[in-house]
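This is what each chain is made of:
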Amino acid sequence: MKWGEHVVVCFIVLVCLCSYKQHVSSLDNGLLRQPPMGWLTWQRFRCVTDCQADPDTCISEKLIRTQAQLLVQGGYLAAGYEYIIIDDCWLNGTRAPDGSLQPDNKRFPSGIAALSDYVHSLGLKFGIYEDYGTETCAGYPGVLGHLVQDAKTFASWKVDYLKLDGCNADIKDYDTGYPAMEDALNATGYPIAFSCSWPAYQESAKMKPNYSAIAHTCNLWRNWDDIDDSWDSVYSILQWFGDNQDRLSPFHGPGHWNDPDMLVIGNFGLSPGQSRAQMALWSIMAAPLILSVDLRTISDWARDIILNKNLIAINQDPLGAMGRRILKLSGSVEVWSKPLQDDRVAFVALYPEPYGTPIHVSIKLSDLGLGRYQDYDFFESFYGDFLGRHHYTDTYSFTINPAGDVHAFYVESAVPEKRFRKKL
Ligand SMILES: *[C@@H]1O[C@H](CO)[C@@H](O)[C@H](O)[C@H]1NC(C)=O
Ligand SMILES: *[C@@H]1O[C@H](CO)[C@@H](O)[C@H](O)[C@H]1NC(C)=O
Ligand SMILES: *[C@@H]1O[C@H](CO)[C@@H](O)[C@H](O)[C@H]1NC(C)=O
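Residues numbered from 1 in each chain as written. Chains lettered and ligands numbered in written order. Predicted model: local features only at pLDDT ≥ 70, side-chain atom pairs only at ≥ 80, totals over all residues. Heavy atoms only, no water.

As recorded in an unreviewed UniProt entry, the protein chain goes by Alpha-galactosidase and comes from Adineta ricciae. As stated in UniProt under Sequence similarities (unreviewed entry), the record for the protein chain gives "Belongs to the glycosyl hydrolase 27 family." In UniProt, the protein chain has this text filed under Subcellular location (unreviewed entry): "Lysosome". (UniProt positions renumbered as here; feature names shortened; annotations may be inferred.)

Structure (structure tokens):
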């Protein structure tokens, strides 16, 4: 079938781009050689600032301390979720008399340096939010006019990760503004991972971001819409990344990552199947795995998905390849694929339609881009179960539940010496 051949050609091109991606000149601060993993306030806690009305969920040092403890106690840090990041709404509405940034002193009475020390004492890393413009998206002071001063403040607070948003600025200024902020961060001498919103605003404005310059400046960057707590939001972001993968994937790799935004697993919006889907697809995309969930109330099943070792290993694979959507089949089934080290390949097949019964899918191995070896061993990704050995001329068949569930699997060559037969 013509379509199948076409897909195989695309797949080969992907492999070539991946093996040459080290030629993309990129930020060289040594940070985030694997996609960052952590926890961020925004999606779940937004800009709740009234601690009288919402004492347990307002943006405050109490919230950060509590969630930081749970990141450790719940096994999230041990699984790799190491950054805890405060998004917007931590600031005082005005700068201090000397022009420096200061937190809201009611919600952060101990100050940011003390909070950062506490987070570090637990073995976690500390991240914070600012905005390139005159004001943050929620109206607090932005860094414009204070880049060097604010970078020094962040370094003095031992901030390990800065998310710099792009509200209230001229979009055209980002091309010089974000690099200027990175220069200021670098000049502090303190290693600060740099998360940029630069392309997200340019993409929404239908400008073509200079991803080469962005990868040279930022460790990760938001490309597209903010994620919300719904399957529609997760699915639309996924589709945007699939539709734009040819432009994005060459700039993706160790130290520099496209960012489709937070995991929303464990909140109000996703079913268990849709949660498995987000975890599997974000892993295939080698996306940052940044949780935004209340760890006090998360269900056991959501926690198990977030902590799945095999999915995390696929996400953190040292090649750092951005997975791609390689097939669209009938029933809106789509297949994504990501090359892993040791000649393994991870796949996710997604069935988004809400039509009741599970769907049966059969795909030729050649349409999965498999053919370099005679035989392949197939494993289910979540549990590592062996699913069978298939010759490269075979067809692989499976079933997926509807409404946004996935079948996630990985393959390795069944070479005689079985040198790859260890678990992920
Ligand atoms: C904000 O800063 C001003 C002046 O520095 C101070 O008087 C005020 O108490 C602060 N308010 C809060 C909520 O932090
Ligand atoms: C600053 O940039 C140089 C050159 O890219 C790099 O080697 C160094 O690690 C950076 N330092 C920090 C603190 O980011
Ligand atoms: C993109 O940025 C790079 C520097 O990183 C520069 O060499 C190149 O000319 C820029 N491309 C465009 C189209 O502006």
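(A) Quick look at the overall build of the protein chain. When helices and strands are tallied, the protein chain shows 14 helices and 16 strands. Relative to its length of 424 residues, the protein chain is compact, with a C-alpha radius of gyration of 22 Å against a globular reference of 22 Å. When its C-alpha atoms are laid out on the principal axes, the protein chain stretches across 70 × 45 × 40 Å. Going through the 424 residues of the protein chain one by one, you find that 58% of them count as buried. Of the contacts made within the protein chain by residues no fewer than 6 positions apart, 72% connect residues no fewer than 24 positions apart. When the accessible surface of the protein chain is summed, it comes to about 16,800 Å², and 53% of that surface belongs to carbon and sulfur atoms. (Helix = DSSP H or I, 4+ residues; strand = E, 2+ residues; numbered from the N terminus. Rg over C-alpha atoms; globule rule 2.2 N^0.38 Å. Buried < 20%, exposed > 50% of the residue type's maximum accessible area, 1.4 Å probe, protein only. Contact = heavy atoms within 4.5 Å. Areas by Shrake-Rupley, 256 points an atom, 1.4 Å probe, with all protein chains shown as cover.)

(B) Representation of the site of ligand 3 in the model. Near ligand 3 you find Asn210, Ser212 and Ala213, and these make up its full shell. The side chain of Asn210 places a nitrogen or oxygen atom 2.4 Å from an oxygen atom of ligand 3. In the complex, the protein chains occlude 27% of the 370 Å² of accessible area that ligand 3 would expose alone. (Near = heavy atom within 4 Å. Polar contact = N/O pair within 3.5 Å; in protein donor to acceptor, adjacent residues only side chain to side chain.)

(C) Structural context of the nonpolar core. Counting 105 residues, the largest nonpolar core has Tyr81, Trp90, Ile128, Phe154, Met181 and Trp282 as the members making the most contacts within it. Structurally, this core is a two-domain feature, drawing no fewer than three residues from each of domain 1 (23-315) and domain 2 (324-418). Once residues within four sequence positions are removed from consideration, Tyr81 is found in contact with Met37, Gly38, Leu71, Tyr76, Leu124, Leu263, Met279, Leu289, Leu291, Ile306, Leu307 and Ile312. (Core = buried A, V, L, I, M, F, W, Y, C linked by side-chain atoms within 4.5 Å. Domains from an automatic or database assignment.)

(D) Fine view of the pattern of salt bridges. Counted by the stated rule, this structure contains 18 salt bridges. The shortest N-O distance in the salt bridge between Arg247 and Glu203 comes to 3.1 Å. Taken together, the residues Arg247 in helix α11 (residues 245-248) and Glu203 in helix α8 (residues 198-204) connect sequence positions 44 residues apart. Judged by its relative accessible area of 7%, Glu203 is buried. The residue Asp405 makes a salt bridge to Arg276 at a minimum N-O spacing of 3.0 Å. In this pair, Asp405 sits in strand β16 (residues 405-413) while Arg276 sits in helix α12 (residues 272-284), placing the two residues 129 residues apart along the sequence. We classify Asp405 as buried; its relative accessible area is 10%. One network of salt bridges, in which partners are shared, links Arg222, Asp226 and Asp261. (Salt bridge = Lys/Arg side-chain N within 4 Å of Asp/Glu carboxyl O.)

(E) Focus on the sheet that holds strand β1 (residues 37-40). Reading across from one edge, β7-β6-β5-β4-β3-β2-β1-β8 is the order of the 8 strands in this open sheet, with parallel pairing throughout. Of all strands in the sheet, those bounded by a partner on one side alone are β7 (257-259) and β8 (289-291). For this sheet, the mean inter-axis angle between neighbouring strands, taken without regard to orientation, is 25 degrees. Pairing analysis gives 3 bridges linking β1 to β8, with the strands arranged parallel. The residue bridging Met37 from the neighbouring strand is Leu289, located in β8. Lying on the sheet, helix α3 (residues 61-73) is in contact with β1 and β2 (83-85); it crosses β2 at an angle near 160 degrees. (Pairing = 2+ DSSP bridges. Axes fitted to C-alpha atoms, helices over the stretch in contact; angles between N-to-C directions.)

(F) Main features of the environment of Ile171. If you trace the backbone, Ile171 turns up in the loop between β4 (161-165) and α7 (174-188). Taking the C-alpha atoms as reference points, Ile171 and Ala68, 103 residues apart in sequence, are found 35 Å from one another. Those residues in contact with Ile171 that sit more than four places away from it in its chain are Tyr201, Gln202, Ala205 and Met207.

(G) Up close: the pairing of strand β13 (residues 375-380). In terms of burial, β13 is a largely internal element, 5 of the 6 residues being buried. Of the strand pairs in this sheet, β13 and strand β14 (residues 386-391) are connected by 5 bridges, and their pairing is antiparallel. Directly across from Phe379, in β14, lies its bridge partner Phe386. Turn length for the β13-β14 hairpin, with the two strands adjacent in sequence and antiparallel, is 5 residues, and the turn residue Gly384 shows positive phi of about 80 degrees. Bridging between β13 and β16 involves 5 bridges; their strand directions are antiparallel. From the neighbouring strand, Tyr376 faces β16, where its bridge partner is Ser413.

(H) The arrangement of the site of ligand 1 in detail. Taken together, Asn92, Thr94, Gln102, Pro103, Asp104 and Asn105 are the residues near ligand 1. In the environment of ligand 1, an oxygen atom lies 2.3 Å from a nitrogen or oxygen atom belonging to the side chain of Asn92. Between ligand 1 and the protein, one listed contact pairs an oxygen atom with a side-chain N or O atom of Gln102 at 3.0 Å. Against a free-state accessible area of 360 Å², the protein chains account for coverage of 55% of ligand 1.

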